[in-house]
Amino acid sequence: CELASFAGALGMIGGQVLDTELELETEAEILDMYRLKTCALLKAACRMGCIAAGADEEKIEAAGLYGESLGLAFQLVDDILDIVGDEDEIGKPVGSDSKNDKNTYAAKFGIEKAGRLAQKYTEKAISALDIFADTAFLKELTEHLLERTS
């Protein structure tokens, strides 16, 4: 049930429809599409791990916040790399989003603003982990995803 709700029309599929069918113009519209498309499955995975472990609702919610924030930061960095990344490192042609007429956050609002927002969501993801023990690996992973070049 958890995975289905995040994968369906109110999750990943809904985000894909927004991405391919609508001309997204505002910050809110683009970030909402990212929340549905990119973040939904990360959020579901984080929540399902807690559910499987028998965590309480507070930890399940914190895990969901971590997954969503991580997904937003990841997508924002991905947008930046599509503009300024090294094609050999990122494994796809630089500029493919603009060639495919995609409105990305970085293209629409600038690389610097996208970078600041990615940093904000990285910090939010790391803060969401405070409720858990032994999170050094997840914190390191989260920081790495912000600083990645591929």
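Preceding block: the structure.
If you're wondering where the values come from, they're calculated on a predicted model, not measured in any experiment.

Participant: Whenever I open this one, the side chain of Arg47 confuses me. Can you help?
Facilitator: Summarising the element assignment, Arg47 is placed in helix α4 (residues 39-52). At 3.0 Å, the side chain of Arg47 and the side chain of Glu61 are in polar contact. Those residues in contact with Arg47, other than ones at most four positions away along the chain, are Glu2, Phe6, Glu57, Ile60, Glu61, Ala63 and Gly64.

Participant: Got a minute to help me understand the pattern of salt bridges in this structure?
Facilitator: Side chains bearing opposite charge may pair, as long as their charged atoms lie close to each other. As enumerated under the stated definition, the model contains eight salt bridges in all. The partner of Glu68 in a salt bridge is Arg35, with the nearest N and O atoms 3.4 Å apart. With Glu68 in helix α5 (residues 57-84) and Arg35 in helix α3 (residues 27-37), the pair connects residues that are 33 residues apart, well separated along the chain. Note on Arg35: relative accessible area 27%, which makes it partly exposed. Of the charged contacts in the structure, one is a salt bridge between Glu68 and Lys43, with a shortest N-O distance of 3.4 Å. You can see Glu68 sitting in helix α5 and its partner Lys43 sitting in helix α4, a full 25 residues away along the chain.

Participant: Would you take a moment to explain the environment of Leu3 for this structure?
Facilitator: You can see Leu3 is positioned in helix α1 (residues 2-7). A residue is classified by how much of its surface remains accessible, and Leu3, at 41% relative accessible area, is partly exposed.

Cut-off values and rules
Residues numbered from 1 in each chain as written. Predicted model: local features only at pLDDT ≥ 70, side-chain atom pairs only at ≥ 80, totals over all residues. Heavy atoms only, no water. Helix = DSSP H or I, 4+ residues; strand = E, 2+ residues; numbered from the N terminus. Polar contact = N/O pair within 3.5 Å; in protein donor to acceptor, adjacent residues only side chain to side chain. Contact = heavy atoms within 4.5 Å. Salt bridge = Lys/Arg side-chain N within 4 Å of Asp/Glu carboxyl O. Buried < 20%, exposed > 50% of the residue type's maximum accessible area, 1.4 Å probe, protein only.

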